[in-house]
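One-letter residues, chain by chain:
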Amino acid sequence: IESIGVSSFANCDSLHTITFPSTLKTINREAFKSCGGLRSVVLPEGLTELGTSVFLASAIEEVTIPSTLKDVTEGVFQNCRSLLQEQPSCLPGIF
């Protein structure tokens, strides 16, 4: 799997954890929007692109961002009120 499609798992409250394959390159817009059960996300090394509002209004508390991430649109973690970490200075506008 190299890509996760638009709104693929949006509003999926039963989703608690995600294991992404190392082949993943792109997560498209709103793929995990409003996932009320999602708590922790580890984005894999090799991921290069996050679309608009990928995790908008999800219940994420922590996220690991890979060094390979290059193309990030605004609002990736917008309204993730439980997120407990600060925005990385290398990725402005993602919160």
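Residues numbered from 1 in each chain as written. Predicted model: local features only at pLDDT ≥ 70, side-chain atom pairs only at ≥ 80, totals over all residues. Heavy atoms only, no water.

Asker: What am I meant to see in the packing of aromatic side chains here?
Answerer: In total, this model carries 4 aromatic pairs according to the counting rule given. The interplanar angle of 85° and the centroid separation of 5.9 Å between the aromatic rings of Phe 20 and Phe 32 together place this pair among those described as edge-to-face. Placement of Phe 20 in the loop between β1 (3-4) and β2 (26-27) and of Phe 32 in the loop between β2 and β3 (40-42) is noted, with a sequence separation of 12 residues between them. For the pair formed by Phe 20 and Phe 32, the shared burial category is buried. (Phe/Tyr/Trp six-rings, centres within 6.5 Å; stacked < 30°, edge-to-face > 60°. Helix = DSSP H or I, 4+ residues; strand = E, 2+ residues; numbered from the N terminus. Buried < 20%, exposed > 50% of the residue type's maximum accessible area, 1.4 Å probe, protein only.)

Asker: I would appreciate a short explanation of the nonpolar core in the present structure.
Answerer: As a rule of thumb, soluble globular proteins bury nonpolar side chains together. The biggest cluster of nonpolar side chains holds 23 residues, and the ones touching the most others in it are Phe 20, Ile 27, Phe 32, Leu 38, Leu 43 and Phe 55. In this structure, Phe 20 is in contact with Ile 4, Ile 27, Phe 32, Val 41, Val 42, Leu 43 and Pro 44, ignoring residues within four places of it in sequence. (Core = buried A, V, L, I, M, F, W, Y, C linked by side-chain atoms within 4.5 Å. Contact = heavy atoms within 4.5 Å.)

Purely geometric numbers; function is a separate question.
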